[in-house]
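# Descriptive analysis of the structure
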Amino acid sequence: MNKWLLALAVGSFLCVTNMTHAQKAVDLVSFGDVNRYAQERSVKIYGVGGLRQLEAYQSGVLVSAEGYIATVASLVLDEDTVTVLLNNGQRLEASVVGTDPLLDVAVLKLDTEETDFPYFDLTAEQSPYEGMRVLAYSNLYNVATGDEPVSVLHGVLSVIAPLEARRGSFSSRYRGDVYIVDAATNNPGAAGGVLLDTSGQPLGMLGKELKSELTGTWLNYAMPWEQVSQSVDRILSGDLGSAIVDLDQLPENPATFAGLGFRLVPSVVARTPPYIDTVLPGSPAASAGLMPDDLIIALAGMRTGTHVDVEKALMQVPGDQPVRLTVLRGNMLVEVELVPMNLP
Amino acid sequence: MRFHPASTRCLRLVACFAAALITSSAFAQSVAQLEQQAIRDAIEHVSPTVVQLQIIGGADRLNDVSLASGPSTGVILTPDGYVVTSRYRFEPAPATVVALLADGRQFATEVVAHDYSRKLVLLKLSGAEDLPAAEIAPADSYRVGQWAIAVGRTYRVERPNVSVGIVSALRRIQGRAMQTDAAVSAANYGGPLVDIEGRVLGIIAPMSPSAESSIAGVEWYDSGIGFAAPLAEWMPAFERLKQGEDLQLGYIGIGLVEGVARETPAKIATIAPDGPAAKAGLEKGDTVTAINGVPATTQVEMQAAAKPHYAGDTLEVTYQRGDETSTTTLTLTTIAQLQEAAEAAKAKEEAADEKAEAKEGDADGEEESNAGDSEE
């Protein structure tokens, strides 16, 4: 009996102590465990700060036992070295290994010979879903200093959706899927922090402060961990070229109004609806039965709410291929296909 | 191995503690899992009834406030395609609105009528049939502290976007809305706030306790202060909107005495000329004590009892004049009609004055009656 109890006690003790380096987030049971696990892997990063009014701090996470850190590429990292505060208050210099301009991910290396840092597993895989509970760890507003734990926010994953966002007039380069959350992660210093599921598995890296192009509101989001992982790989292997090819690949000879044979009502206000003004006789538009006053609501699968939307959509469609349009005629939705003239 | 009795006892304690720790955390885990599953199920339940609204045309700014440019959200109320949404993007009216369902169906829509008081608009999807309709949570199920999940369909057609919180308060915005701490913004205005069973508690819309415009309250987006018009309570209004009747906030046509609204009785300081109160025989100095039999001991209570009603609704107003308590009925009017009546009365009075002046050659300036700025 005593032996059995001993085994149980030792076992449960081991269970608690065994969570230092091993990346066994799955074993973590209580919030306390998860929190400890996350805090040990979170760091505070201090740099020079680029321009006035911009904070000189951000968040980051350890991603290897040798002290590699993933964070966001920003003006905070403008100098080649930055100061990193570990969870235990240890202050270390770190050098910027590289940055990925597509995802705005940066990798730092702690200037140390130590090789037993606790870290988040870059190969961790999840299946997130809308409504999934999430935890966000970051040093937003530099609330935590020294060995103080970083701030944790809780919330749910709102939706997995393409990043359609901008800061001022600058559009985000990455337009792939991100994890939008309902916790207020969009705050100074939060970028570079980590989004976790409730078992401590990394889901993503908290993104920079951006406003949604759809809602006009500040966007709380994280870059999927898989993307971060690939980005870190690219940086460490020096193969950043592969990131750039993902950028907008526009066709060389895109479709045009002239080629398709219709004109829109002139754009006079910001949200001029894309009504067809004229259809050229004998054109692809005429053959497809398009008519003046038809309102184009989708072009090649892209939703078009304005004159400008139609122009942008056309630029992405090759000029020598059929184009599908959805138009509103009266209160009827009509689908048509426009076939360019020079097709066989 | 041999153990000292004391350390064995100690060990036993540790073991018991460890066991308790494991069972309690296992229990906590299962509760968390159940909770998570319930949230997922609730989203799944309501999701087919939540439509994306592609808003075409319309303003990009209103009163110097930038409006969202992406899609909005609506909720299907009937299988034949009545959809309710927020008025947030409907002032001025967009050129057209196309409704997109998660299953890929899309519909042209027309605006049936507006509810200016609760800031909702009713749309009809053209040629729709067999649509999934939202399940409505009964009004007597509302509880402060219950789960509240805000659902939109703004970011993508095939998946809803959600935020989770609780019902923070009931009967806000003078009795017209419930409050939630779930994140609400243009990402879910017009969408449903649902309970843990996926039943619709209310329709999310920007609202403000102190302003009636279609965008008042947008500054509180994602702040933990969000509002939704309770749907079960709104369904009688839906029947009126279906007939094409626009609904507006109903006015009694009185101004109340100055004071602390939460403490001061609803004593009448001014009566709008030819307004509902004037026609019903209410006078300056009367104190309103009940609306439709619901006691109102303060100005706040009176507003909460009166403001949920629309122009055209008939109210029973109980009031005190001196030692006497009486009850009268009146028909609420719109702010526009109230102003019109007041201007007509003023013009009439001025005309009478001019006549008198013309007759007497000279007249003393008469003090104008002032309707006051706190019209109710």
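On a predicted model such as this, the values are computed, not experimentally measured, just so you know.

### Here's the deal with the nonpolar core
Core analysis: the largest hydrophobic core is formed by 39 residues, its most contacted members being A:Phe120, A:Leu163, A:Ile180, A:Trp225 and B:Tyr155. Broken down by element, the residue count for this core peaks at four residues, all from helix H3 (residues 225-237) of chain A. Residues B:Ile43, B:Val50, B:Val84 and B:Leu120 belong to the second largest nonpolar core, which totals 34 residues.

### Topic: the layout of surface pockets
Residue and element names in this part refer to chain A. Computed from the structure, the second largest pocket encloses a volume of approximately 770 Å³. As for the second largest pocket, its lining consists of 33 residues, and the residues nearest its centre are Asp-104, Arg-167, Lys-208, Glu-209 and Leu-210. Elements with a minimum of two residues in the lining of the second largest pocket: strand E2 (57-62), strand E10 (170-171), strand E13 (202-206) and strand E15 (221-224). Residue composition of the lining of the second largest pocket, grouped by class: 19 nonpolar, eight polar and six charged. Both domains that meet at the lining of the second largest pocket, namely domain 1 (2-110) and domain 2 (133-244), each give it at least three residues.

### Points about empty space enclosed by the protein
Remark: the empty space left among the atoms is shown by a probe the size of a water molecule rolled over them. The full count for this structure, using the stated rule, is four cavities of 30 Å³ or more. Taken as a whole, the largest cavity holds about 170 Å³ of empty space. Those elements that provide at least two residues to the lining of the largest cavity are strand E11 (177-181) of chain A together with strand E10 (161-171) of chain B. Of the residues forming the lining of the largest cavity, the biggest block, three residues, is contributed by E10(B). Grouping the amino acids of the lining of the largest cavity by side-chain chemistry returns nine nonpolar, seven polar and two charged. Size it by volume and the second largest cavity reaches roughly 50 Å³.

### What to know about the confidence of the model for chain A
With 87% of its residues at a pLDDT of at least 70, chain A reaches an overall mean of 88. A low-confidence stretch, residues 1-20 of chain A stays under pLDDT 50, and its non-local contacts, those more than four residues away or across chains, total 23 contacts.

### Quick notes on unusual backbone geometry
Residue and element names in this part refer to chain B. Cis geometry is found at the peptide bond from Glu-91 to Pro-92, where omega equals -5°. Positioned with a positive phi, Asn-63 is a non-glycine residue whose angle comes to about 50°. Secondary-structure assignment places Asn-63 in the loop between strand E2 (61-62) and strand E3 (65-66). Given a relative accessible area of 59%, Asn-63 falls into the exposed group. The backbone of Asp-64 sits at a positive phi, close to 70°, despite the residue not being glycine. By secondary structure assignment, the location of Asp-64 is in the loop between E2 and E3. Residue Asp-64 is classed as exposed on the basis of its relative accessible area, which comes to 67%.

### Details of the environment of A:Ala65
By the element assignment, A:Ala65 lies in the loop between E2 and strand E3 (68-72). Along the sequence, A:Ala65 and A:Pro118 sit 53 residues apart, while their C-alpha atoms lie 6.0 Å from each other.

### Quick word on the sheet that holds E13(A)
Residues and elements named next belong to chain A. Here six strands make up a closed barrel; going around it, the order is E7-E8-E11-E15-E13-E12 and the pairing antiparallel. Pairs of neighbouring strands in the sheet enclose a mean axial angle of 40°, with direction left out of account. Set on the sheet, helix H2 (residues 31-41) makes contact with strand E7 (133-138), strand E8 (151-162) and strand E12 (194-197); between it and E7 the angle comes to about 35°. The sheet strands contacting H3 are E12, E13 and E15, and the helix crosses E15 at an angle near 55°.

### What to know about the confidence of the model for chain B
Low pLDDT means the predicted atomic positions in that stretch should not be read closely. Of the residues in chain B, 88% reach a pLDDT of 70 or more, and the chain-wide mean stands at 89. Every residue in residues 1-6 of chain B scores below 50 in pLDDT, and together they form four contacts with partners more than four places removed in sequence or on other chains.

### Some thoughts on the interface of chain A and chain B
Across the boundary between the two partners, chain A contributes 46 residues, which contact 53 residues of chain B. Buried surface at the junction of chain A and chain B, summed over both partners, amounts to about 4,000 Å²; 60% is from carbon and sulfur atoms. Its largest share of buried area at the contact with chain B, chain A owes to A:Arg133, A:Leu214 and A:Arg271, together 18% of the area lost on that side. Our count for the contact surface shared by chain A and chain B stands at three salt bridges. Where A:Arg133 meets B:Glu35, a salt bridge forms, and the shortest distance between an N and an O atom there is 3.6 Å. At the level of secondary structure, the elements contributing two or more residues to the side of chain A that touches chain B comprise helix H1 (2-17), E8, E11, strand E18 (295-299), strand E20 (323-329) and strand E21 (332-338) of chain A. By residue number, the principal contributor to the side of chain A that touches chain B is E8(A), which donates seven residues. When the residues that make up the side of chain A that touches chain B are grouped by side-chain class, the tally is 26 nonpolar, 12 polar and eight charged.

### As for the sheet that holds strand E11 (residues 177-180) of chain B
Residues and elements named next belong to chain B. Strand order in the closed barrel made by the six strands is E9-E10-E11-E14-E13-E12, with antiparallel pairing throughout. When the angles between neighbouring strand axes are averaged without regard to direction, this sheet yields 45°. Relative to strand E12 (residues 192-194), strand E9 (residues 147-152) runs antiparallel, the two being bridged by two bridges. Paired with Ile-149 across the bridge in E12 is Val-194. Packed onto the sheet, helix H3 (residues 231-242) meets E10, strand E13 (200-204) and strand E14 (226-230) and runs at close to 55° relative to E14.

Cut-offs and rules
Residues numbered from 1 in each chain as written. Chains lettered and ligands numbered in written order. Predicted model: local features only at pLDDT ≥ 70, side-chain atom pairs only at ≥ 80, totals over all residues. Heavy atoms only, no water. Core = buried A, V, L, I, M, F, W, Y, C linked by side-chain atoms within 4.5 Å. Buried < 20%, exposed > 50% of the residue type's maximum accessible area, 1.4 Å probe, protein only. Helix = DSSP H or I, 4+ residues; strand = E, 2+ residues; numbered from the N terminus. 1 Å grid on protein atoms, 1.4 Å probe; cavity = no way out; pocket = protein on both sides within 12 Å on 5 of 7 lines; lining within 4 Å. Points joined across faces, edges and corners; volume = space filled by probe spheres on them. Nonpolar A, V, L, I, M, F, W, Y, C, P; charged D, E, K, R; others polar. Domains from an automatic or database assignment. pLDDT = per-residue confidence, 0-100. Contact = heavy atoms within 4.5 Å. Pairing = 2+ DSSP bridges. Axes fitted to C-alpha atoms, helices over the stretch in contact; angles between N-to-C directions. Buried area = accessible area lost by both parts, 1.4 Å probe. Salt bridge = Lys/Arg side-chain N within 4 Å of Asp/Glu carboxyl O.

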